[in-house]
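Coordinate analysis (summary)
Each chain, written out:
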Amino acid sequence: MLIIDSKDCENIDKALKKYKKKFEKARILLQLRTRQSFTKPSVKRRNQVLKAVYKQQLATGKFED
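Residues numbered from 1 in each chain as written. Predicted model: local features only at pLDDT ≥ 70, side-chain atom pairs only at ≥ 80, totals over all residues. Heavy atoms only, no water.

**Concerning the overall build of the protein**
In terms of helices and strands, the protein carries three helices and zero strands. Counting helices and strands in the order they occur from the N terminus, the protein gives α-α-α. For 65 residues, the compact-globule estimate of 2.2 N^0.38 gives 11 Å, and the C-alpha radius of gyration of the protein, at 20 Å, exceeds that figure by more than 25%. When its C-alpha atoms are laid out on the principal axes, the protein stretches across 55 × 30 × 15 Å. Counting the 65 residues in the protein, one finds 2% classified as buried. Only carbon and sulfur atoms are counted for the fraction: they give 54% of the accessible area of the protein, which is about 6,800 Å². (Helix = DSSP H or I, 4+ residues; strand = E, 2+ residues; numbered from the N terminus. Rg over C-alpha atoms; globule rule 2.2 N^0.38 Å. Buried < 20%, exposed > 50% of the residue type's maximum accessible area, 1.4 Å probe, protein only. Areas by Shrake-Rupley, 256 points an atom, 1.4 Å probe, with all protein chains shown as cover.)

Printed below as a string of structure tokens:
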């Protein structure tokens, strides 16, 4: 749960902007999307390996489109 400390004289727009920033930093929306469906641990590992290989190919310049 996100809590925003707002002063009495603070504008509601500023408080909303603070809330949106905290919401993004907490990655709540990302967590909700991942929890919508179960992914097997083997699939998670495979995705991590593929992502690492892709990043390594980009770093070395061996990636071809």
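That shown, we press on.
**Observations concerning the confidence of the model for the protein**
Looking at the protein as a whole, the pLDDT averages 88, with 97% of positions reaching at least 70. For the protein, the element scoring lowest by mean pLDDT is helix 1 (residues 12–26), at 89; helix 3 (residues 41–60) scores highest, at 95. (pLDDT = per-residue confidence, 0-100.)

**Some thoughts on the environment of phenylalanine 38**
Looking at the element boundaries, phenylalanine 38 is found in the loop between helix 2 (28–35) and helix 3. For the pair phenylalanine 38 and leucine 2, spaced 36 residues apart in the sequence, the C-alpha separation amounts to 25 Å.

**Topic: a nonpolar patch on the surface**
A surface patch of nonpolar side chains, about 270 Å² in accessible area, is lined by Tyr54, Leu58 and Phe63. Within the secondary structure layout, phenylalanine 63 lies in the segment after helix 3. For phenylalanine 63, a relative accessible area of 32% puts it in the partly exposed group. (Patch = residues over 30% accessible without salt bridge, like charges linked within 9 Å, V, L, I, M, F, W, Y side chains within 5 Å. Salt bridge = Lys/Arg side-chain N within 4 Å of Asp/Glu carboxyl O.)

**Looking at unusual backbone geometry**
At arginine 27, a position not held by glycine, the phi torsion is positive, near 55°. As for its position among the elements, arginine 27 is in the loop between helix 1 and helix 2. We classify arginine 27 as exposed; its relative accessible area is 54%.

**As for the environment of isoleucine 4**
Relative to the helices and strands, isoleucine 4 is located in the segment before helix 1. Taking the C-alpha atoms as reference, isoleucine 4 lies 25 Å from arginine 35; in sequence the two are 31 residues apart. Apart from residues no more than four positions distant in its own chain, isoleucine 4 is found in contact with Ala15, Lys18, Tyr19 and Lys22. (Contact = heavy atoms within 4.5 Å.)

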